[in-house]
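Next come the chains, spelled out residue by residue.
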Amino acid sequence: MKKLKLRGNFCFMAMMLLLVTALVLVGQDGAGANPRSDLNWGRGTDATTLDPRMARDVYSHEINMLLYDELFYIDHNQEIQLLLAKTLEYPDDTTYLFTLHEGVLFHDGEELTAEDVVYTFETMMDPDFGSPHYDGLQPIESVRALDRYTVEFKAKEPDAVLIYDLDHRIVPKHIAPDRPGGDFAYRPVGTGPFMLERWEPNDVIVLKKYEEYFRSPAKLETINVRYIPEAEVRFTELLGGALDLSDVPSAELDRMKEHPDFTVGGYTTLNYFPIFVQHDHEILSQKKVRQALAYGVDMDELVSVVFETAIPATSVFIPGTWAYAPEVQRTYEYNPEKAKELLAEAGYPDGFSITLKTSTGTTNVEFGEILRFYWLQIGVDLEHQTSEWSTYFSALQEGDFELAHSGMVNAFDPDIFLRRYHSGNIPPYGANRGHYKNPDLDQIIDEARRIVGDQEARAELYREAQRIYTEELPNIPVRYTQMHMVWNSDLDFEWLLNTQFRVLRESYWK
Amino acid sequence: MQTYILKRLIQAIPVLFIVTIIVFSLLHFLPGCPAANILGEEATGEQIQRLREAMGLNRPIHIQYLEWVGGILQGDFGTSLRDGREVFPTLMRRLPATVQLVIASLFISTIIGIPVGVISAIRQNSLLDSFTRIFALLGVSIPNFWLGLMLILLFSYQLGWLPASGRGTLAHLIMPAIALGTASAGLITRLTRSSMLEIIRTDFIRTARSKGLMERRVIYGHALKNALLPVTTIVGLQMGYGLGGALITEAVFAYPGIGHFTYERLLARDMPVVMGNLFLFALMFILINIFTDIAYGFLDPRIRYD
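So, how was this worked out
- Residues numbered from 1 in each chain as written.
- Chains lettered and ligands numbered in written order.
- Predicted model: local features only at pLDDT ≥ 70, side-chain atom pairs only at ≥ 80, totals over all residues.
- Heavy atoms only, no water.
- Core = buried A, V, L, I, M, F, W, Y, C linked by side-chain atoms within 4.5 Å.
- Buried < 20%, exposed > 50% of the residue type's maximum accessible area, 1.4 Å probe, protein only.
- Helix = DSSP H or I, 4+ residues; strand = E, 2+ residues; numbered from the N terminus.
- Contact = heavy atoms within 4.5 Å.
- Domains from an automatic or database assignment.
- Buried area = accessible area lost by both parts, 1.4 Å probe.
- Salt bridge = Lys/Arg side-chain N within 4 Å of Asp/Glu carboxyl O.
- Polar contact = N/O pair within 3.5 Å; in protein donor to acceptor, adjacent residues only side chain to side chain.
- Nonpolar A, V, L, I, M, F, W, Y, C, P; charged D, E, K, R; others polar.

A. Main features of the nonpolar core. Membership of the largest hydrophobic core comes to 111 residues, with the highest contact counts inside it found for W41, F98, F153, L207, I223, Y272 and L504 of chain A. With 6 residues, helix α3 (residues 114-125) of chain A is the single largest residue contributor to this core. For I223 of chain A, the contacting residues outside a window of four places in its chain are L39, W41, L66, F194, I205, V206, L207 and L504 of chain A. Counting 61 residues, the second-largest nonpolar core is a separate cluster that includes I228 of chain A together with F77, L180 and A246 of chain B.

B. Representation of the environment of P414 of chain A in the model. Residue and element names in this part refer to chain A. Mapping P414 onto the fold places it in helix α12 (residues 414-418). With a relative accessible area of 13%, P414 lands in the buried category. Separated by 61 residues in sequence, P414 and N475 place their C-alpha atoms 16 Å apart. Apart from residues lying up to four places away in sequence, P414 is in contact with F317, W322, A323 and Y462.

C. Geometry of the domain arrangement of chain A. All names here are of chain A. Looking at the assigned domains, one finds that chain A contains domain 1 (39-44 + 191-267 + 485-509), domain 2 (68-182) and domain 3 (268-482). Between the C-alpha centres of domain 1 and domain 2 there is a distance of 28 Å. Between domain 1 and domain 2, the contact holds 14 residues from the first and 17 residues from the second. Of all residues in domain 1, the largest losses of buried area upon contact with domain 2 belong to T191, F214 and R502, amounting jointly to 48% of the total for that side. Linking domain 1 to domain 2 there are 1 salt bridge. Two residues, R502 and E70, come together in a salt bridge whose shortest N-O distance is 2.9 Å. Applying the counting criterion to the domain 1 and domain 2 interface returns 10 residue pairs in polar contact (both at pLDDT 80 or more). Each residue belonging to the side of domain 1 that touches domain 2 can be placed in one class, and the counts come to 8 nonpolar, 4 polar and 2 charged.

D. Representation of the interface of chain A and chain B in the model. Facing the 56 residues of chain A at the interface are 49 residues of chain B. Here chain A meets chain B over a buried area of about 4,300 Å², counting both sides, of which 55% is carbon and sulfur. There are 3 salt bridges connecting chain A and chain B. Two residues, R269 of chain B and E388 of chain A, come together in a salt bridge whose shortest N-O distance is 2.3 Å. Mapped onto the side of chain A that touches chain B, the elements with two or more residues apiece are α1 (2-27), β8 (194-200), β10 (222-227), α5 (231-240) and α11 (389-397) of chain A.

Structure follows, in structure tokens:
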């Protein structure tokens, strides 16, 4: 009986303790006297896998860039920055020779060697491993370790774009599996400035500083990456101090720019969101119809209303990149009269009906509604079908659409987007899901890709590609996107294209 | 009693079996493919087929089903198609959070719903009754995600009293439990009220009054006990629905339970996780129902289980 009473007391004490802890936590107010060494970062989507060989999504990528290192990475100026590699040489136009830094240690203490690099690429090039990076690595003839610290890649033929496909995070041969499955995806071991301490899916990822990092170790001790699906709640937590770094709803950006305690960073991405067109469709296969659709909508207006932070797009080439040549591009100022004329010339004076598929989401719904309004004025009756992403995506995948709207991401090189209009990439062997065929464009794509080390010659070819693209309109350009991030101004941080969260290694509290 | 429970448990077996068939076929006829989701936007058809093969998704559908059910019988729910984690431990780690949330919300809804419903019934058509009815109606009608956001706006953003997201302390539980419990509170209030009104008019209550019992005894000793029967059914059902309804509340408060997690995995077509969760929920629903039926016996001695 006595024992029971004691336990009762204990329970009571425990409850009180819990209550007090709760109150203390509630009352806590962020920074103390000493500068902090932790960081609370909020995101709306969780990582998928922390095995970089299997990761393709942005949210896994953001974590993996802190856990692992690549031979080199592409910085915010689109330039190559060596990382694990000490040197990169090109003995001839199909050979890439990397020398590794010595003494780089994985989080388990083993040294990184050329064998790990070879292993990483070989598993991704193995069809049975099922890596999403398999296709990008097809141009590689061989990858070999010449000695403990030298790796040689050989391309099948001269290829200007292959270098971007060599930008992969290196996994340890002695731990990472060569078959899908296993626990490496959630117990990752890399060489990066942070180690994984804990990953509760859809809750939190805790990263700890890796003391033995081969460059200067991180200044932050801990990073808590918190998964908070609602943008409004992330915003509230940021304002309240529970988060130090997060995106915010675009409607709040202007307000945050004024806010004395926060810094807003933003850049234009290398992403392009067009209206995908199915060229197997009898009506849409006609150039005049596609041009009429472009003339029939005030895209600048539409984009500024629906996608607040986006920039209206003119072609598949991204402004500010080396190949972008606006002077050769044909533009389509809003002109409903001209659109009607073109439709009449194409044989559709009374217009036609067409469907647009997108995934669900407020902006997509608004986009469809406004587009429908514009096109009704030129006699085109647009039906907008939305479905959740997986369903939409499988329709896109199978070419089961007339018009569709979503994006392409990360054009480190113009070829990465342009090749999707190559007739050789019509599914199942490629991502030309609109089945677009244009021999002239095919030839330019092939030729430009084979020119290694002469960017000007490539740029010249791409001028012609841009002229063709904007004249023929294989897709109707809609928007380029921007990415914003907001952080506590006491944190030393910078938000840059490509580099993104890599900066966290050097971040600290002022 | 034990025979009754045993009988109910045996009856549950075919139900669970049918659940596995429905869950499996519904999810497999859903458009979209986990491999395509992993591979991302620029994947080719060929690449998707390769990954499907590696994931074992290209095997005949009946083989996949039998493997899944066979696994469950041995306590193996398979592994996630996304990160390779084992499904059962992953779900079990998250289940307590949701159960805690549902129980807290039911606690809130019953301690509000039953007394308010009783008072409302005793004072039928008074001003108090009208107020209660309006609030009950509001409680049922307000979408819980909206209420959740409003609570965050007030208690986290304006007042800074409670954390807006996460789990760990009692303070983290308060707003999600209120947001989730409000609808049930409204429902329980309305049900208690109508059930009380019905009982109060019956003969045995008149008899109780006429033999001179104190009004309090009449209401709480006789009427309420009888009125609670339908309420018990609803509380039991609400517990089941709460598991599902927690999905939205969990999303709003970034509460690491099982509901929103499974929803996310459904969007990613991580079938083993979704199927495992639906199976667990079906099992829990059945157990809650058996428990509810047993609870009747305590409230109404006329109900026997032999």
